[in-house]
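What follows is each chain in one-letter form.
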Number of protein chains: 2
Amino acid sequence: MRYRVILKILGILLMIFSITMLPALLVSYIYEDGAHKAFMAGFAITLLTGFFLWLPVYRVREDLRTRDGFLITVLFWTVLGLFGAVPLMLADYPHLRIVDAVFESVSGLTTTGATVMTGIDWLPNSILFYRQQLQWLGGMGIIVLAVAILPMLGIGGMQLYRAETPGPVKDSKLTPRITETAKALWYIYLSLTVLCALGYWLAGMTVFDAIAHSFSTVAIGGFSTHDASIGHFNSPVIESIAIFFMLVSGVNFGLHFFAWRQRSIGHYFQDPEFRFYLTLLGGTALVTFMVLALTQTYAVNEALRRSVFMVVSIATTTGFSTADFANWPVMLPFLLFVTAFAGGCAASTGGGMKVIRILLILKQGYREIQRLVHPSAIISVKVGNRPISDRVLEAVWGFFSVYLLVFVLMLIALLGTGLDQVTAWSAVGATLNNLGPGLGDVAVHFGDLNDTAKWILCFAMLLGRLEVFTLLVLFTPIFWRR
Amino acid sequence: MRYRVILKILGILLMIFSITMLPALLVSYIYEDGAHKAFMAGFAITLLTGFFLWLPVYRVREDLRTRDGFLITVLFWTVLGLFGAVPLMLADYPHLRIVDAVFESVSGLTTTGATVMTGIDWLPNSILFYRQQLQWLGGMGIIVLAVAILPMLGIGGMQLYRAETPGPVKDSKLTPRITETAKALWYIYLSLTVLCALGYWLAGMTVFDAIAHSFSTVAIGGFSTHDASIGHFNSPVIESIAIFFMLVSGVNFGLHFFAWRQRSIGHYFQDPEFRFYLTLLGGTALVTFMVLALTQTYAVNEALRRSVFMVVSIATTTGFSTADFANWPVMLPFLLFVTAFAGGCAASTGGGMKVIRILLILKQGYREIQRLVHPSAIISVKVGNRPISDRVLEAVWGFFSVYLLVFVLMLIALLGTGLDQVTAWSAVGATLNNLGPGLGDVAVHFGDLNDTAKWILCFAMLLGRLEVFTLLVLFTPIFWRR
Ligand SMILES: [K+]
Ligand SMILES: [K+]
């Protein structure tokens, strides 16, 4: 391991990250909300820590190897998660304990959107802005991670997908071309944010709320500046805008890149993952609508409005809320939660296992049935017209089984801390899938859980965001050997 | 499809099956319990139906093809399940409705052991005997299915395992050699039953109870003649005998066959699946014991006794009970339930996904991690010293994902009928894994569920017992094409 280069990179990252506390500081001055000291201290602590990590090693130049890449990626998310917690601990209100602050910070950066806080409406504006911004930064980090870093490490949906997507993802090394790509993706991400904010503002949100919610929408984050989430605004127009941008942000950013370069949207519909994504969402929304209407949970119009919004919000793993879906007829919360396991497309800001993996798993399952009927036929799994190699399929299976294994082990651990079954399984599902809200005792917020459970769930959020393997590999002896 | 031959075979099967009602009839005469009419009627109905199915086609001779094999196998279990229900509907006590009778009968034949009845202690002896015998017949059916039929159809744990196990399983066709093997397995099964019954009797059970419980022990069935199950006897000796025979019956019968022919038990310990089976059981028992002792749920001695029995009972998917484990600290019921997903070894009478599949899945997961650290290394998945082919691994993955998909879909369906989450998921787990007892509202019996839920769970028991694919393939268009 090239520890000195790793320290240097970490130092630089922290110094850059410290700068992200300044906008919140500015907000604090504008609104005179009294939280400015927390952000000044946070800025100074993060900057100085970064500087003193960087100083002793800044002359070091060594090439990084794949193994170092794993460590850097994991450190990136954990260390920023820790330092991101500092302002939340130092502010007079909220004056969070370390476990709560880290939970909130990690939940922000991983774009999970689970919160330990109540009375969101009464928080200082700068703190609100800061939470939303954490999600937005996290969302950008995810795109870079998925497009540039993970393929280098041999992990993730994009790698599987590489032969499929036209455009930026064919290169697996961080060449100048990828840097170009990252820049283009950044413009796309920024443009989506601006458009989303404009839409929210025109639809009647304040400038502050519009920017804040655009951050957490395009990041598929789900934090809000109100306890009632998007439901606070009670506006069909705002909900429609949110639905549109959640849908768009759950799509592979490689597709956006291609569409943007070619000025064409036809390619979206040629993409099998995109089509399956829409099919899943449409099918779930239809079932949800019908159950809500038939059980007369709402009037028909209301049922349509609530079902489409909540299905898109949960299935893309955003976690915005316009209805108390945990109390819908009991099949629906479970159904919606299951869709969150599929989550967004590869290389989107969405969580979950990613739609492309589910598609491949279903195709492989169907191939096994075909093989039973025609034992001697040679049948390949295809996505679009391309056959998928066995190696890629094995990676998908490995991911799927390890994901489920991690899910079950964390669930057992949470039950061991004394949670009831519904709370425990939905808490793991909500964090591992980077979804946000759970059911049972965590339907509204995670604040009442015991500390052990909160730490476990922080770990779950990181595991989910780092596609499990990136983090898990650090816990194997072979990673550290030699 | 060769429908006429299929009808002929079905007719013969029913005629044979009708004979199995005669021992219960005998028991009814011995104890004068008043249920003899139900068994006479059941015998006559089953015999005559079989005869009239067989009569028009008894001259037909055609070779069966693989596809016919699927249909016959599925019909075998469903039709016997239906006719097995007849005496339970006709008896004065219990006078079950059709859904309950079919549930009980299917639960018996699939060796699930979930019951819809209460007041087991007060049932007529002949009905008690009949339920136990259903399990015993089911257990024998499973061994034949696993060793002779499923490999022919290209399904199941044994097929994957074929290159591994010495002895009977290397042939995939129903040659005379396999007939010999089936006979040998039958002797082993019978010998285990006799030994188990003798053990129970010497330990203090009545002759009736000893025979009845030996039936449901070696079949890994779990039916009992008492509401309190094995706990009724409150005897550490009886519990130890049960533990031993549950363990033995959860082992691949191919291994027993080999050990019996070679007069050697060393080969057991050379078998990777057997070793992993003992490791899983031992590890789970240790954790369970420690949690029970540390939480002071029982005194230390009592904790040891209860934990070992319940872990072996649940993990092998037997479902006998000596403790109200559904009310143990909440992590334990869940943990034990998870072990039931692994279940018994391939070609045992146990349920679940089978230990060998879990072993292969874990090895494949670990291989993916190795590949991340050493991307260019060629690593094969080995069991013992033999590398496992990609084709076999793909079959395991296909099984695993379809099993989980079926689990989730049935869970959603049950929630749709109005069950609560814990009841629903444990009910599906208990039936799909052919385990028996659940948690929540089905911790003691399944009688209070709605009828739709009972039918769904009947289907789950059949799916589990037929290794999912055998039954599922009938629902695909390609199976019926041409
Ligand atoms: K989220
Ligand atoms: K059982």
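Residues numbered from 1 in each chain as written. Chains lettered and ligands numbered in written order. Predicted model: local features only at pLDDT ≥ 70, side-chain atom pairs only at ≥ 80, totals over all residues. Heavy atoms only, no water.

Engineer: Could you clarify how one ought to interpret the coordination of the potassium ion (ligand 2) in this entry?
Structural biologist: When a metal carries six donors in an octahedron, the ideal angles between them are 90 or 180 degrees, while four donors in a tetrahedron ideally lie at 109.5 degrees. Residue and element names in this part refer to chain B. Surrounding the potassium ion (ligand 2) are the protein donor atoms Thr111 (O), Thr112 (O), Ile220 (O), Gly221 (O), Thr317 (O), Thr318 (O), Asn434 (O) and Leu435 (O), which sit 2.5 to 2.9 Å from the metal. When the donors of the potassium ion (ligand 2) are listed by position in the chain, the intervening gaps give T-T-x107-I-G-x95-T-T-x115-N-L. Taken as a pair, Ile220 in the loop between helix H10 (207-218) and helix H11 (236-249) and Thr318 in the loop between helix H15 (300-315) and helix H16 (331-342) lie far apart in primary sequence, 98 residues in all. (Donors = N, O, S within 2.8 Å, 3.2 Å for Na, K, Ca; no water. Helix = DSSP H or I, 4+ residues; strand = E, 2+ residues; numbered from the N terminus.)

Engineer: Is there a simple way to think about the packing of aromatic side chains in this case?
Structural biologist: Geometry of an aromatic ring pair is reported as the spacing of the ring centres plus the angle between the planes. Residues and elements named next belong to chain A. Under the defined criterion, the tally for this structure stands at 58 aromatic pairs over all chains. Ring geometry for Phe51 and Trp54: centres 5.8 Å apart, planes at 40 degrees, overall tilted. Of the two residues, Phe51 and Trp54 both sit in helix H3 (residues 36-54), three residues apart, roughly one turn of that helix. Aromatic side chains Phe269 and Phe274 sit 5.3 Å apart centroid to centroid with 85 degrees between the ring planes, which places their arrangement in the edge-to-face category. Exposure remark for Phe274: the relative accessible area of 9% places this residue in the buried category. Three or more aromatic residues joined by ring pairs form one cluster here, namely Phe129, Trp136, Trp186, Tyr189, Phe215 and Phe253. One residue, Arg357, lies across the ring of Phe399, its end atom 3.5 Å from the ring centre. (Phe/Tyr/Trp six-rings, centres within 6.5 Å; stacked < 30°, edge-to-face > 60°. Buried < 20%, exposed > 50% of the residue type's maximum accessible area, 1.4 Å probe, protein only. Lys NZ or Arg CZ within 6 Å of the ring centre and 35° of its normal.)

Engineer: Mind showing me how you'd approach the relation of the copies chain A and chain B here?
Structural biologist: Taken together, a rotation about one axis and a shift along it account for how the two chain copies relate. The two copies are related by a screw operation: chain A maps onto chain B through 180 degrees of rotation and 0.0 Å of translation along the axis, at an RMSD of 0.0 Å. Considering both components of the superposition, the chain copies are consistent with a two-fold axis. Closest approach to the rotation axis within chain A is made by the C-alpha atom of Trp397 of chain A, at a distance of 3.3 Å. The residues that chain A uses at the interface reappear at the interface of chain B in 100% of cases, marking a shared surface. (Least-squares fit on C-alpha atoms with pLDDT ≥ 70 in both. Contact = heavy atoms within 4.5 Å.)

Engineer: Teacher, can you tell me more about the pattern of salt bridges here?
Structural biologist: Pairing between side chains of opposite charge can happen when the charged atoms of each approach one another. In this structure the tally under the stated criterion is 24 salt bridges over all chains. With a closest N to O distance of 3.4 Å, Glu467 of chain B and Lys354 of chain B form a salt bridge. Residue Glu467 of chain B is found in the loop between helix H20 (451-465) and helix H21 (469-472), and its partner Lys354 of chain B is found in the loop between H16 and helix H17 (355-373); the two are separated by 113 residues along the sequence. The two residues Glu467 of chain B and Lys354 of chain B agree in class, both being buried. Each of Arg97, Asp100, Asp451 and Lys454 of chain A takes part in salt bridges that share partners, so that together they form one network. (Salt bridge = Lys/Arg side-chain N within 4 Å of Asp/Glu carboxyl O.)

Engineer: It is not clear to me how the coordination of the potassium ion (ligand 1) should be interpreted in this structure. Could you clarify?
Structural biologist: Residue and element names in this part refer to chain A. The coordination sphere of the potassium ion (ligand 1) contains the protein donors Thr111 (O), Thr112 (O), Ile220 (O), Gly221 (O), Thr317 (O), Thr318 (O), Asn434 (O) and Leu435 (O), at a distance range of 2.5 to 2.9 Å. Counting residues between consecutive donors of the potassium ion (ligand 1) along the chain gives the motif T-T-x107-I-G-x95-T-T-x115-N-L. In this pair, Thr111 sits in the loop between helix H6 (98-109) and helix H7 (125-153) while Gly221 sits in the loop between helix H10 (207-218) and helix H11 (236-249), placing the two residues 110 residues apart along the sequence. Comparing Thr111 with Gly221, the two get one shared label, buried.

Engineer: When you look at the packing of helix H2 (residues 21-31) of chain A against H3 of chain A in this model, what are you seeing that I'm missing?
Structural biologist: For any two helices packed against each other, the geometry is given by the interaxial angle and the distance between the axes. All names here are of chain A. The N-to-C vectors of H2 and H3 enclose an angle of 160 degrees; their axes lie 9 Å apart at closest approach. In terms of axis orientation, H2 runs roughly antiparallel to H3. Regarding H2 and H3, the two cross each other, and that crossing is left-handed. Taking contact as the criterion, the partners of Met21, Leu22, Ala24, Leu25, Ser28 and Tyr29 in H2 are, on H3, His36, Phe39, Met40, Gly42, Phe43 and Thr46. For the contact of H2 with H3, the residue count by class is eight nonpolar, four polar and no charged. (Axes fitted to C-alpha atoms, helices over the stretch in contact; angles between N-to-C directions. Parallel < 35°, antiparallel > 145°, perpendicular 65-115°, else oblique. Left-handed = near helix turned anticlockwise from the far one by under 90°. Nonpolar A, V, L, I, M, F, W, Y, C, P; charged D, E, K, R; others polar.)

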